Amino acid sequence: MNKLSKKVKTIIIISAAVVAVLAAAVTIKNCSSGAVKGSSEYTVTKETYENVIEISGTVEAAQEQTLQALSDGTVLGVYVKEGDHVKKGDVIIQLDDSTQQYNLAKQDYSIATASITGSARELSLLKTERKALVQKVADRKVVATFDGLIAKLDVSVGDSLEAKDSVGNLVNVDYLIAEVEVAETDVGMLKVGQKVEFTFAAYKDKTVYGYVESWPAIGEITSRGATVVKAKIRIEDYPAEILPNYSFTGKIQISEPEEYLLVERYAVGFEDKKTYVVKKGSSEKIFVEMRPYGSENVKIISDKIKEGDVLVQQTKPKTSGSNGNISRNNKSGSGKNSEPGGMGGGFRPPSRF
C-alpha cells in the first residue's frame, strides 16, 4: 500500500471516530432534557399520615360494686336476680340479724332505764354504744351503693357466708371507661375531649369511638422501668356486643389524618426553578408543588394529579459513589407521631422548595 492510501485510511478512521463522539454527545444531551431515554414509569399512590398515640387495654363499667357480706352469717333473703335493675339503697341480700336486733333492743331498754335513774354521763355512753349496735344491724344487709344492673349473683337463702365472701357484682353500664398507659414523652400532646378510636376482637371490622376524659398530675413507673401516665378514656355510646372487661386496641387522635399523593422522586422534572411531571402517553408538562417525603419519594400537591396516574421518569440519579440503580420500592408508610423527611441520592429540588 502506498503512502497516499495509508493517509486516506487514517483520515477515514479519524472521521468515523469524530462522528461517533458527536452522536454520543447528541444522545447524552437528549437524555438530560425532558423524559429520560428508556425511562421508567412510576404510579402515583395515596398514603394517610396519622398523628396518633397507640393504646391497648380493657374496658370497665362506669361503676362496679362487688356484692359481699360484711360479717359472718346465714342468708335469710335474696331479693333480686341476675339482670335486675336496682336503685341506690335497695337491699339485695339479708343475713340473719336476730342476735344484732336483740342486742339493739336490750340497749334501748338500758337507755330508757338510765334516763330515769342513771347519770347524764352513763346515758351518754349508752347512746354512743347504741350507734355501734345499729351499724352491726346494717352490716347484716348487702345494699346497692348506686343505681345499676345485677351482672352476677351466686347466692341462695340458707347459704352460710363469711365476712368478705363475694357473691356477685352490681354494675352501672351507662358508659364504659378504660385506663390506658401513655408514655411520658406523649403526655404533652393529650387534651381533654380528644377523639379515641377503639377496635374490639368481639366487634371485628368496626370502630367504636370515645374521648379522653382526664389524666393524673403524676406519673407511674411500670414493671418495665418505663414512666407512664394512666389516662382515663370514656365511651358514651357503644354496641351491645361490647361488655365490661373486653379487650381492645386503639389510638388517641392528636390531629386529623392527612392524605398524601406520593411518587418516586425521579418522576419529577425541573424547569425555571419549577417542578413538573408528565403523564404516560402525553408530552404535556404538568407543573405541581412538591415536598420531600423520605429518601426516595416526594409528595405531589396538585388537583391535576390523582391516585393511580402513571408518570414518566424525568430525572436520573447521580451515579457517583453508587451503582446508579433506581429504587422503586422504598415507599414511606403512614406516620405515627412523625413524618418522613429529607432527600438523598443527590436529588436537589429548586432552592425555594
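What you see is a predicted model; the values in this text were computed from it and never measured.

With that settled, consider the pattern of salt bridges. Counted under the stated rule, the structure contains 15 salt bridges. One salt bridge connects Asp-84 with Lys-81, and the closest N-O pair in it is separated by 3.3 Å. Overall, the relative accessible area of 22% leaves Asp-84 in the partly exposed class. For Lys-81, a relative accessible area of 54% translates into the label exposed. One salt bridge connects Glu-289 with Arg-291, and the closest N-O pair in it is separated by 3.6 Å. Judged by relative accessible area, which is 40%, Glu-289 ranks as partly exposed. Look at the salt bridges and you will find they share partners, linking Glu-213, Lys-232, Arg-234 and Glu-236 into a network.

A few words now on the sheet that holds strand S20 (residues 286-293). Remark on secondary structure: sheet strands pair via backbone hydrogen bonds, oriented parallel or antiparallel. Pairing in this open sheet of 6 strands is antiparallel, and the strands run S2-S17-S21-S20-S19-S18 from one edge to the other. Every other strand in the sheet has two partners, leaving strand S2 (45-49) and strand S18 (269-271) as the edge strands with one partner each. Strand-to-strand twist in this sheet, taken as the mean axis angle between neighbours without regard to direction, amounts to 55 degrees. Across 3 bridges, the pairing between strand S19 (residues 274-277) and S20 is antiparallel. The residue bridging Tyr-276 from the neighbouring strand is Phe-287, located in S20.

What follows deals with the nonpolar core. The biggest cluster of nonpolar side chains holds 22 residues, and the ones touching the most others in it are Val-59, Val-182, Phe-198, Phe-200, Ile-233, Phe-248 and Ile-252. Breaking this core down by element, the ones donating at least two residues are strand S3 (52-58), strand S11 (166-183), strand S12 (195-200), strand S13 (208-214), strand S15 (227-235) and strand S16 (247-253). Not counting the four nearest positions on each side in its chain, Phe-198 is found in contact with Lys-206, Thr-207, Val-208, Tyr-209, Gly-210, Ile-233, Ile-235, Phe-248, Thr-249 and Gly-250. Core analysis: the next-biggest nonpolar cluster, separate from the first, contains 17 residues, Ala-69, Val-86, Ile-92 and Leu-153 among them.

Right, let's talk about helix H2 (residues 98-117) for a bit. Compared with the 28 Å implied by 1.5 Å per residue over 20 residues, the 29 Å span of H2 between its first and last C-alpha is a close match. Restricting attention to buried positions, one finds in H2 the residues Gln-100, Leu-104, Gln-107, Ile-111 and Ala-114. Buried residues of H2 fall within an arc of 85 degrees about the axis and therefore sit on the same side. Away from the buried face of H2 by more than 90 degrees, exposed residues Tyr-102, Tyr-109, Ile-116 and Thr-117 are located.

All right, on to the pairing of strand S7 (residues 91-95) then. Every regular strand shows the same layout, with side chains that alternate between the two sheet faces. Buried residues dominate S7, accounting for 4 of its 5 residues. Taken together, the 3 bridges between strand S5 (residues 73-78) and S7 define a ladder with antiparallel strand orientation. Counterpart to Gly-77 in the pairing with S7 is Gln-94. Of the pairings in the sheet, the one linking S7 to strand S8 (residues 141-143) comprises 3 bridges and is antiparallel in character. From the neighbouring strand, Val-91 faces S8, where its bridge partner is Val-143.

About the criteria used
- Residues numbered from 1 in each chain as written.
- Predicted model: local features only at pLDDT ≥ 70, side-chain atom pairs only at ≥ 80, totals over all residues.
- Heavy atoms only, no water.
- Salt bridge = Lys/Arg side-chain N within 4 Å of Asp/Glu carboxyl O.
- Buried < 20%, exposed > 50% of the residue type's maximum accessible area, 1.4 Å probe, protein only.
- Pairing = 2+ DSSP bridges.
- Helix = DSSP H or I, 4+ residues; strand = E, 2+ residues; numbered from the N terminus.
- Axes fitted to C-alpha atoms, helices over the stretch in contact; angles between N-to-C directions.
- Core = buried A, V, L, I, M, F, W, Y, C linked by side-chain atoms within 4.5 Å.
- Contact = heavy atoms within 4.5 Å.
- Expected span 1.5 Å × (residues − 1).
- Arc of directions from axis to C-beta.

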